[in-house]
Amino acid sequence: WLVLAPIQGTEGAAAPYINGGDIENSGFEVMLSWNDTAGDFSYGATLTGSYNKNKVTRLANAEGIIQGQPHILSQGTAYISRVEVGQPIGYFYGFETDGILQNQDEVDAYVKPTDGTPYFADQRPGDVRFVDQNQDGVIDESDKTMLGSPLPDYEVGLQLNAEYKGFYVNTTLTGKLGMQVMQSYRSFADNFDQNYTTDIFNRWHGEGTSNKLPRLSSVSNRNTNWISDIYMQDADYLRISNLTVGFKLGQYLKDVDYIKEVNIYASVNNLYTFTKYDGMDPDVSYGGNDDTTWASGVDLGLYPLPRTVMLGLSVDF
């Protein structure tokens, strides 16, 4: 695991790559297969599954922490990804939220436990309610915490096949469970002339309209600029990676000596993805620039996987 060494600019040379530390992966893998026939009908299934727990056990610095790059989710924002001893590599780091301030009563109740004054002088309905983790009456860097992990806890796969008198069907399903994605499809910190996605219709625009997306504003503010879990979504998915349907004509060509088999088929890749994630693809590997290759799970609208349809004819002589 190679990272750039944190050196001072006065060293007079570019930072070298060093071993970042030690990472421990522990878990299990399981595979179950079944194949059988019933007359002219044959079928089979293979189920695979794995569980993995990722943990950083040592870092090659005194702090025991490596911070990711800033300006990833949007220009002007703090870093999202972080490495810390005892945590999964590249976990998401930021402010935890407790919904949206719905009305003036909730605004008046969002006060410091130390002296009963408002957390922010300009707070109003539609603002994000940030959690004061240490209850010191100030929302600052010390209140940031682990929000989630881009690494899945479980990975699953299922292969099914069946054939009857030359007709056959094969399908492969793959999935990941127990991971999160940080999503931003626009630059909200420095550029206000970009389009939003239609999710913006679900923003807070009156009491009870949203408890997730804050009010819109004509100026940049903490609601959007602060890295928090309002940008994080669960990204569990199960994908039909391939579906192939075909017909073998060999049994009808027994009188043709020079042809052994003719196979006509249609195949679809990336047929459908079952997920509650509302972005273009829940399986994103992007996490920043080349200096943070350990980071992942940031969706900035990268081009999704295409769905491809193929028609084929193969002849064996």
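This text follows the structure it describes.
Owing to the predicted nature of the structure, the values given are computational and were not obtained by experimental measurement.

Student: Summarise the environment of Asp-236; cite the residues concerned and give the values.
Tutor: With respect to the element layout, Asp-236 can be found in the loop between strand E14 (232-234) and strand E15 (237-248). Of the residues examined, Asp-236 reaches a relative accessible area of 31% and is grouped as partly exposed. As a C-alpha pair, Asp-236 and Glu-155 span 81 residues in sequence and 9.9 Å in three-dimensional space. Those residues in contact with Asp-236, other than ones at most four positions away along the chain, are Lys-176, Leu-177, Gly-178, Met-179, Phe-274, Thr-275 and Lys-276.

Student: An account of the sheet that holds strand E7 (residues 91-94) is needed here, citing residue identities and associated values.
Tutor: Within the open sheet, the four strands sit side by side as E5-E6-E7-E10. Their pairing is antiparallel. Each of the sheet's edge strands pairs with one partner strand only, and the pair in question is strand E5 (65-67) and strand E10 (145-148). Averaged over neighbouring strand pairs, the angle between their axes works out to 45° when direction is ignored. Direction of pairing for E5 relative to strand E6 (residues 81-84): antiparallel, over a ladder of three bridges. By the bridge assignment for E6, Ile-66 is matched with Val-83.

Student: I'd like a description of the sheet that holds strand E17 (residues 298-299), backed by residues and values.
Tutor: Sheet architecture is open: three strands sit in the order E14-E13-E17, paired in mixed fashion. This sheet does not close on itself; its edge strands, each paired only once, are E14 and E17. Both strand E13 (residues 180-183) and E17 contribute to a ladder of two bridges, which runs parallel. Bridge pairing in E17 links Met-182 to Val-298.

Student: Tell me what's going on with unusual backbone geometry, and back it up with residues and numbers.
Tutor: Positive phi is not limited to glycine here, since Lys-165 has a value of about 50°. Locating Lys-165 in the fold gives a position in the loop between strand E11 (154-164) and strand E12 (167-177). The backbone of Asn-270 shows a phi angle near 55°, a positive value even though the residue is not glycine. Examined against the element boundaries, Asn-270 turns out to sit in strand E16 (residues 261-275).

Student: Got a sec to walk through the packing of aromatic side chains? Specific residues and values, please.
Tutor: Within this structure, the stated rule accounts for 13 aromatic pairs. When the centroid spacing of 5.2 Å and the interplanar angle of 45° are considered together, the rings of Tyr-51 and Tyr-154 count as tilted. Here the residue Tyr-51 occupies a position in strand E4 (residues 41-59), and Tyr-154 occupies one in strand E11, the gap between them amounting to 103 residues. What links up through ring pairs into an aromatic cluster is the set Phe-95, Tyr-110, Tyr-119, Phe-120, Phe-130 and Trp-226. A cation sits over an aromatic face here: Lys-144 above Tyr-79, 5.9 Å from the ring centre.

Analysis parameters
Residues numbered from 1 in each chain as written. Predicted model: local features only at pLDDT ≥ 70, side-chain atom pairs only at ≥ 80, totals over all residues. Heavy atoms only, no water. Helix = DSSP H or I, 4+ residues; strand = E, 2+ residues; numbered from the N terminus. Buried < 20%, exposed > 50% of the residue type's maximum accessible area, 1.4 Å probe, protein only. Contact = heavy atoms within 4.5 Å. Pairing = 2+ DSSP bridges. Axes fitted to C-alpha atoms, helices over the stretch in contact; angles between N-to-C directions. Phe/Tyr/Trp six-rings, centres within 6.5 Å; stacked < 30°, edge-to-face > 60°. Lys NZ or Arg CZ within 6 Å of the ring centre and 35° of its normal.

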